Structures are given as C-alpha cells and as structure tokens.
Amino acid sequence: MQIPFAEWAPDSAALNSNVAADVRGVLCAANSYIPFPSLVSVSEPLPDKPLGYFTARSLAGGEVVIFAATSEKIYRMDNTDFSWNDVSQNGTTYAASDDALWSFAQFGDYVVAVNKNDDPQYFQIGVSTEFADLPGSPPRANQVRVWGDFLALIQLTSNPNRVHWSGLNDITQWTPGANNCDFQDFPDGGIVQGSSEATNPVIILERAIYVATFIPGSVSVFNFTKVHDQRGAASDKSIATRGSYMFYADRGGFFQIGADGSLANIGFEKVDRTIFGSLAAPDIASMRGVVDPFYSRVYWAADMGGVGFFNRLYVYDWNLQRWSQAHVSIHGHFPAASTGTTLEGLDDISASLDDLPFSLDSKVWQGGAPILAAFTMDYRLAFFNGPPMRAVLTTQEVGDTAGQVTFLREVMPVVDTDEVSVEIGSRFRRSDPVNWLQARRPSAATGMVQCRARGRFHRFRVSIDPGSLWTHAQGIDVKPQPMGIR
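Here the structure is a predicted model, which means the values were calculated and not measured.

Quick look at the environment of Gly-148 now. Note on placement: Gly-148 falls in the loop between β16 (141-147) and β17 (150-156). Distance from Gly-148 to Phe-214, taken between C-alpha atoms, is 9.1 Å for residues 66 residues apart in sequence. When sequence neighbours within four positions are dropped, the list of residues in contact with Gly-148 reads Phe-107, Ala-198 and Thr-199.

Now the structure itself:
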C-alpha cells in the first residue's frame, strides 16, 4: 500500500489520519510536494545592514531598477556588475532603524520611500539620479501604499491612528481638501498597522479592521466601514499584501482577509498551536510576511529560539489551503519580492555557463518574471532560485489500534530521484518513544529500501539530498506482514 505524504498539520493527531507531523524543505502541490529552491546570492554586499528593498519597472521602456536601503542611505543596484550605488538625497544622512524600517511603493514611474524618522523621498525612473524630498510637504509615515489613483501614507509619525492620501493622480498634492487629498482618523482600534493595495483597500489596525470604498465625486472621497471589532494585527511587520490579497499573523494565529473584509483563520487546527507555542513574544513581533510575487503563496519568516536571524519560513498556499516550511538562515530584513529583472553582465558573474548561479531559462533572467528574494547574512541580495534545498518528509503514523503487530522487510519511496534515504520509526504503544532505525538508501537495482522493522505503529521519514534534481514527492510504498495480536 502507498502511504501518501499528507498535508502538514502538526496541530492535528497524526495516527491513521491524512495529516503529517513534519514536512520541511518543500512546497505544496496538488497531490504531492515539490522542491523548495535554495537561496543563491547575486549582488555584492551592501555597505550596511539592509532595512528595506524594492524592485521597480518603468512603465514605458520596461527598465528594471532595484533599490535597497540601510539606516543612513538608499542604494541602487548596478545591473551590470551587481554593485550598489548610493542614490540618497545629496548631503542627506537618513535615520532609519530596526524600529523605523523603510517602506517603498511605485506610483507610475515614481518610486516613493518612507520611514517614520525621515521626510518621504521620491525617485523618477529614467530621470532621477538620486532621491529627493517628495513635494507637497507630506507627513512622515511608517508605510506607503497605492490605493488605485491615490498614494497613501500609513502609521503617521504625528498621528499613528491616521491615514493620509494624496491628490487624485498627484503624489505631490498633500493639502487636505485639494484635488481629493484628505485624511481619516480612526477613533478606536489602536494604531493603523497596514493596508492592502487596491482601489477599495482593507485597512487593518491593532484591534479593528476597516474597508475603504472610493466614492468618485464625494466630498469625503472614501467611505470607511468597520467590518471587524477587537480583531487586528499585533505587529505591522507580519502583514503581507499583494494587490487585494492580504494576510497577517496575530498573537496566536495566521489570518487571511478578503477584499470585502471577510476574515479566515488559515492556521486553525493546522499550524497555529505548534508555531506560536514555540515563539516568544518578541519573536512573534519580529515575524515578517510577504506574498509571493507570482504564485498563490504567502511566506512568513520567523526567528525560532531568538537566535537573532530568521531560521524558519512558513509557507501557506491559499489555492491548495495547505502549509509547508523550510529551514533557512537569512538576514532580519526578509522578505523581498522581486518584480523580475533583466540582468546584464553574465561574464561578470561567471566565466562559464556551468558556473552560472541560475540556469539560463530561470525567471531571474527574464524581464517581468517575478521571483522571491531575500538578503543573506552577509547583506547580499539573493534569489530563491538555486538547486533544491534538503527536503524531509515524514508520513503520518499508521497502525492497528486493535493490537495487530506488523513486520516490514522493504519499502519504496515514491520520489523521482534515487538520492534519498529512508528512516522507519516504530513503537508498540502510543505512549512509547518512537524507535527510529538507521537511515538507509534504496537499492540501485530495485529502488527498494531493505529493512527489518517490527511494531504496532510505524511512521516513515524520507530525506532528499540537497541539490538533487526531482519534481514530485508523493509518499512511500510499504508491504506490512501481519505477525499476530499481542
């Protein structure tokens, strides 16, 4: 019989069920798991710790511009030698920090960058050589978002309970009452934590969620309707958005917010207890989220154990409604969602095609093809497009609760690579510790793994070597032999 690699739901009981207790280094597919690409560095290191990242594309010529910001400067990556050029405002030393991270947004050919300690900055792609103060005296803010034909500033330094939007199709107009520019104060619900990017955005506070409806020709411009009371995000860093898609992590669970403000607890009885039960309060506050720029996945980076960097990625596929995870070592500024790059200067990366960090048909080299990115521990920009990382998949536990003992002589991993090993964990009582046999490789002739395992309950752990080329991991075939009831 074939035991499938089931849905990863460590909060649920795994005996004779359709859930798995441990799955890592993989992404979800319809009836299998697929490889999780490793992180491969592209750029030279930044001069200092990254506190913000953004990829923009000009509307006319398709020029791709990559920015990264530190506490004092904003840099632009050179697409030829992958170094970083200082494009900060002339004579300006910024004051960003871990508590005042950079936030970027693109409005037409303008890139706007904000942090709560500096005046908003802007850069016109194809025209500017450095950032400058955004005209119109906009307020300082922690976040910048695009609401259809408006640019919105969120979590204002002067009033964190307020959102302030620009004039209609005019990001230099910040005088309330002029050209539909205005602001909205929220009397309850705490600090404004973030919003989606849509014509009718969802706005999330600490303890309330609102839906804003644009009303053309109205004096009020937007109508704000509270759709949830005493529900919200404890940390703005956990909020992940892509257009109208919006997700966040609260103190004890993961949530998805629909465009109409509907709320779904996507981690309930799946991963919430396991993940949040292992996180200290400061680590929950530092958790950061991003929506995949292409696929139906949202990622949260977490510091498990307070080690000082992100060592876990938790991934939710909202189309499949399934979770997976990966063990990583990435810098505290994660994540970064690239909108696609057309990088030049291949000779500067490698002297031969065999040494290229990515294959030539990779999305990294295709203009407009999005791919997820992050910063490595040495401050280099890197893409999740390398060889598959190490994958570990553990099946649910199977056995006869009436007492039937079974013996296993051979098993076969249903994975399209031979670069795997299999461990078998057995026990006689559910209260016993699992006894794991030594990992064994499949036979080169048959693909079978020879073993001698005896018990009432068995589980199987398949490990796929890092760098192994494979496409699907489906489960493991076993042929249990009954040995009587004891």
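This next bit is on the sheet that holds strand β29 (residues 297-302). Across the sheet, four strands lie side by side as β28-β29-β30-β31; this open sheet has antiparallel pairing. Each of the sheet's edge strands pairs with one partner strand only, and the pair in question is β28 (288-291) and β31 (322-330). When the angles between neighbouring strand axes are averaged without regard to direction, this sheet yields 20°.

Below, the discussion takes up the environment of Met-246. Turning to its location among the elements, Met-246 is positioned in strand β25 (residues 245-249). The exposure class of Met-246 is buried, given its relative accessible area of 1%. In sequence terms Met-246 and Phe-131 are 115 residues apart; their C-alpha atoms lie 29 Å from each other. Sequence-distant contacts of Met-246, defined by excluding residues within four places in its chain, comprise Gly-194, Ser-195, Ser-196, Val-202, Ile-204, Ile-239, Ala-240, Thr-241, Phe-255, Gln-256 and Ile-257.

This paragraph deals with empty space enclosed by the protein. It is the rolling of a water-molecule-sized probe over the atoms that shows where space remains empty. Tallied over the full model, the rule gives one cavity of 30 Å³ or more. Quantified by volume, the largest cavity comes out at close to 50 Å³. In this structure, the largest cavity is lined by Val-422, Glu-423, Ile-424, Leu-437, Gln-438, Arg-440, Val-449, Gln-450 and Cys-451. Among the secondary structure elements, those contributing two or more residues to the lining of the largest cavity are β38 (420-427) and β40 (449-455). Among the residues forming the lining of the largest cavity, the class breakdown is five nonpolar, two polar and two charged.

When you tally the buried positions in strand β41 (residues 457-464), you get seven out of eight residues, the bulk of the element. The sheet contact formed by strand β35 (residues 391-394) and β41 spans four bridges and is antiparallel. In the strand pairing of β41, Thr-394 is matched with Arg-461. For strand β36 (residues 398-399) and β41, the ladder comprises two bridges, and the chain directions are antiparallel. Bridging across to β41, Val-398 finds its partner in His-458. Strand direction decides the pairing type here: β38 and β41, joined by eight bridges, are antiparallel. Bridging across to β41, Val-420 finds its partner in Ile-464.

Moving on, we get to the pairing of strand β22 (residues 208-214). Within β22, six of the seven residues are buried, leaving the element largely enclosed by the surrounding structure. Of the pairings in the sheet, the one linking strand β21 (residues 202-205) to β22 comprises three bridges and is antiparallel in character. Bridging across to β22, Ile-203 finds its partner in Tyr-210. Between the end of β21 and the start of β22, which pair antiparallel, lie two residues. Pairing geometry for β22 and strand β23 (residues 222-229), over seven bridges, is antiparallel. When the bridges of β23 are listed, Tyr-210 appears paired with Lys-226.

Calculation notes
- Residues numbered from 1 in each chain as written.
- Predicted model: local features only at pLDDT ≥ 70, side-chain atom pairs only at ≥ 80, totals over all residues.
- Heavy atoms only, no water.
- Helix = DSSP H or I, 4+ residues; strand = E, 2+ residues; numbered from the N terminus.
- Contact = heavy atoms within 4.5 Å.
- Pairing = 2+ DSSP bridges.
- Axes fitted to C-alpha atoms, helices over the stretch in contact; angles between N-to-C directions.
- Buried < 20%, exposed > 50% of the residue type's maximum accessible area, 1.4 Å probe, protein only.
- 1 Å grid on protein atoms, 1.4 Å probe; cavity = no way out; pocket = protein on both sides within 12 Å on 5 of 7 lines; lining within 4 Å.
- Points joined across faces, edges and corners; volume = space filled by probe spheres on them.
- Nonpolar A, V, L, I, M, F, W, Y, C, P; charged D, E, K, R; others polar.

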